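Chain by chain, the residues:
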Amino acid sequence: VLGALLVAGEVTVDPWLAPIAYARHAHENGATIQRGREVAAAAWEGGRWRLTLSPAEAEAEGPEVVEASVVVNCGGLLGDALEALHRRPPFAIKPRRGDFLLFDGSARALVGATPVGQPPGDVSRGVYVWRAALG
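Computed from a prediction, not measured in an experiment: that's the story for all the values here. (Residues numbered from 1 in each chain as written. Predicted model: local features only at pLDDT ≥ 70, side-chain atom pairs only at ≥ 80, totals over all residues. Heavy atoms only, no water.)

J.: Explanation requested: the side chain of E83 in the structure shown.
T.: With respect to the helices and strands, the residue E83 is situated in helix α2 (residues 79-83). Polar side-chain contacts of E83 include one of 2.5 Å to the side chain of R87. Here E83 is in contact with N73, P89, P90 and F91, once residues within four sequence places are set aside. (Helix = DSSP H or I, 4+ residues; strand = E, 2+ residues; numbered from the N terminus. Polar contact = N/O pair within 3.5 Å; in protein donor to acceptor, adjacent residues only side chain to side chain. Contact = heavy atoms within 4.5 Å.)

As structure tokens, this is what we get:
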């Protein structure tokens, strides 16, 4: 490494845990979660969303139309394409390559208490090194 960026007070969030927690909280509060479905069309009509969903893999029937007062865009890397079904997206998602490397406890002494990271470039988010909470 020729150089690195030290960000005092930097925090890293588990990218999988937050959406799972949001989904659980929504479900516990009455939300219906549709998985394995593609949104084919979206329209805001009369103060409600009207979504046309592709059939679930196990279903042989055609598309299903559902209505809701609130819809959460969970399109992930395709979130801008999902937004484009209703309007021109005010954002663009440009995925960058990234990897996680996990070391065992013997490497703990090599990593300080403050995370360090390489500045991101055009094709990479950079390399970040930090201690795990449990190891």
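Next comes the rest of the write-up.
J.: Could you clarify how one ought to interpret helix α1 (residues 17-28) in this entry?
T.: An α-helix turns once per 3.6 residues; consequently, residues spaced three or four apart project the same way. For α1, spanning twelve residues, the distance from its first C-alpha to its last is 16 Å, which sits close to the expected 16 Å at 1.5 Å a residue. Counting buried residues in α1 gives zero out of twelve residues, a small share hidden from the surface. Directly beyond the C-terminal end of α1, a positive phi value near 100° is found at G30. (Expected span 1.5 Å × (residues − 1). Buried < 20%, exposed > 50% of the residue type's maximum accessible area, 1.4 Å probe, protein only.)

J.: Could you clarify how one ought to interpret the pairing of strand β3 (residues 48-53) in this entry?
T.: Along a regular strand, successive side chains alternate from one face of the sheet to the other. The side-chain alternation of β3 yields one buried face, formed by W49, L51 and L53, and one unburied face, formed by R48, R50 and T52. Here strand β2 (residues 39-45) folds back onto β3 in antiparallel fashion, the turn holding two residues, of which G46 has a positive phi close to 55°. When β3 meets strand β4 (residues 64-68), the two strands line up antiparallel, connected through five bridges. Within β4, the residue paired with T52 across the bridge is V65. (Pairing = 2+ DSSP bridges.)

J.: Help me understand the sheet that holds β3 in this model?
T.: Each strand in a sheet pairs with another by means of backbone hydrogen bonds, the pair being arranged parallel or else antiparallel. Spatially, β2-β3-β4 is the arrangement adopted by the three strands of the open sheet, whose pairing is antiparallel. Of all strands in the sheet, those with a lone pairing partner are β2 and β4, marking the two edges. Pairwise comparison of adjacent strand axes, ignoring direction, gives a mean angle of 20° for this sheet. Alignment of β2 against β3, held across six bridges, turns out to be antiparallel. From the neighbouring strand, V39 faces β3, where its bridge partner is L53. (Axes fitted to C-alpha atoms, helices over the stretch in contact; angles between N-to-C directions.)

That's the geometry; what it means functionally is another story.
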